[in-house]
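Listed below are the residues making up each chain.
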Amino acid sequence: MQRICIISDTHGKLDPRVEQLFVGASRILHAGDIGRAQPPIIDRLSAIAPVTAVTGNVDWNTALDIYPINTTIEVQGIRIMLQHIGDIPKRWQRQLPQPAPQIAICGHSHIALIEEYQGVLFINPGSASQPRGQLGEPTVVFLDIQDNGEFKAELIPLKMAEFIKNAD
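Residues numbered from 1 in each chain as written. Predicted model: local features only at pLDDT ≥ 70, side-chain atom pairs only at ≥ 80, totals over all residues. Heavy atoms only, no water.

**Focus on the sheet that holds strand E9 (residues 139-145)**
Here's step 1: Reading across from one edge, E3-E2-E1-E9-E10 is the order of the five strands in this open sheet, with mixed pairing throughout. Strand pairing shows two members of the sheet lacking a second neighbour, strand E3 (51-53) and strand E10 (151-157), which therefore form its edges. Each adjacent strand pair in this sheet contributes to an overall mean axis angle of 20°, direction not counted.
Here's step 2: In this sheet, E9 lies alongside strand E1 (residues 2-7) in antiparallel orientation, the contact comprising five bridges. Across the sheet, residue Arg-3 finds its bridge partner in E9, namely Asp-144. (Pairing = 2+ DSSP bridges. Helix = DSSP H or I, 4+ residues; strand = E, 2+ residues; numbered from the N terminus. Axes fitted to C-alpha atoms, helices over the stretch in contact; angles between N-to-C directions.)

**A word on the sheet that holds strand E6 (residues 103-105)**
Here's step 1: Read across the open sheet, the five strands follow the order E4-E5-E6-E8-E7; overall the sheet is mixed. Every interior strand has two partners, whereas the edge strands, strand E4 (70-75) and strand E7 (113-117), have only one. Recorded for the sheet is a direction-independent mean angle of 20° between the axes of neighbouring strands.
Here's step 2: Of the strand pairs in this sheet, E7 and strand E8 (residues 120-124) are connected by five bridges, and their pairing is antiparallel. In the strand pairing of E8, Leu-113 is matched with Asn-124.

**Here we look at a nonpolar patch on the surface**
Here's step 1: A grouping of Trp-60, Ile-69 and Ile-85 is seen on the molecular surface, where their side chains present a nonpolar patch of about 290 Å² in accessible area.
Here's step 2: With respect to the helices, strands and loops of the structure, Trp-60 is situated in the loop between E3 and E4.
Here's step 3: Judged by its relative accessible area of 36%, Trp-60 falls in the partly exposed class. (Patch = residues over 30% accessible without salt bridge, like charges linked within 9 Å, V, L, I, M, F, W, Y side chains within 5 Å. Areas by Shrake-Rupley, 256 points an atom, 1.4 Å probe, with all protein chains shown as cover. Salt bridge = Lys/Arg side-chain N within 4 Å of Asp/Glu carboxyl O. Buried < 20%, exposed > 50% of the residue type's maximum accessible area, 1.4 Å probe, protein only.)

**Observations concerning the environment of Asp-15**
Here's step 1: As for its placement among the helices and strands, Asp-15 is situated in the loop between E1 and helix H1 (16-22).
Here's step 2: Judged by its relative accessible area of 19%, Asp-15 falls in the buried class.
Here's step 3: C-alpha of Asp-15 to C-alpha of Glu-115: the two residues are 100 residues apart in sequence and 26 Å apart in space.
Here's step 4: Engagement of the side chain of Asp-15 in a polar contact is seen with the backbone nitrogen of Arg-17, the distance being 2.8 Å. (Polar contact = N/O pair within 3.5 Å; in protein donor to acceptor, adjacent residues only side chain to side chain.)

**Section: the nonpolar core**
Here's step 1: Counting 22 residues, the largest nonpolar core has Ile-7, Val-18, Leu-21, Phe-22, Ile-28, Leu-45 and Val-140 as the members making the most contacts within it.
Here's step 2: Counting 18 residues, the second largest nonpolar core, distinct from the first, contains Ile-73, Leu-82, Ile-103 and Leu-121. (Core = buried A, V, L, I, M, F, W, Y, C linked by side-chain atoms within 4.5 Å.)

**Regarding the packing of aromatic side chains**
Here's step 1: Tallying each qualifying case throughout the model produces one aromatic pair.
Here's step 2: Consider the rings of Trp-92 and Phe-122, whose centres lie 5.4 Å apart with planes at 50°: the pair is tilted. Here Trp-92, found in helix H3 (residues 89-92), pairs with Phe-122, found in strand E8; they are 30 residues apart in sequence, far enough to count as distant.
Here's step 3: Looking at Trp-92, the relative accessible area reads 2%, which means it is buried. (Phe/Tyr/Trp six-rings, centres within 6.5 Å; stacked < 30°, edge-to-face > 60°.)

**A word on the pattern of salt bridges**
Here's step 1: For the coordinates displayed, the defined rule picks out five salt bridges.
Here's step 2: Residue Asp-87 is joined to Arg-91 by a salt bridge in which the shortest nitrogen-to-oxygen separation is 3.0 Å.
Here's step 3: Overlapping salt bridges, with partners in common, bring together Asp-15, Arg-17 and Glu-137 in one network.

Given below as structure tokens:
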């Protein structure tokens, strides 16, 4: 199994609970709006696991504009598309490249979402720094991909770091 940790909209602030939660990740995906920080957020995340990141609108025209606007990676035979600005699944699904990825990830709205629509799993991890929506709590997503190609995503509020750490 591979655990992919998904984060977005850090806006220059990396909560230490993220680093606790991401220990043991196979890979980390950052869906943009990284924001400037010292030390750089991507460097801190890279100390945990390899990172794939895309640029977000707050990163444009800054030193963080080095990341692509979107990218597609493959993990265990599963195609995963990553970009900052997406849409609700019903509209975004029509804009996906063909063949469509099995998983499409975005950030931007700061509202967490995990929804399967027409054979694609759409994920927005919400914001790890400035949440909006029902939870009002910073969130990330764990995406577990099994060796047989099955996958499952779970929304993780940062407050869970305390319970996960105590469970070890």
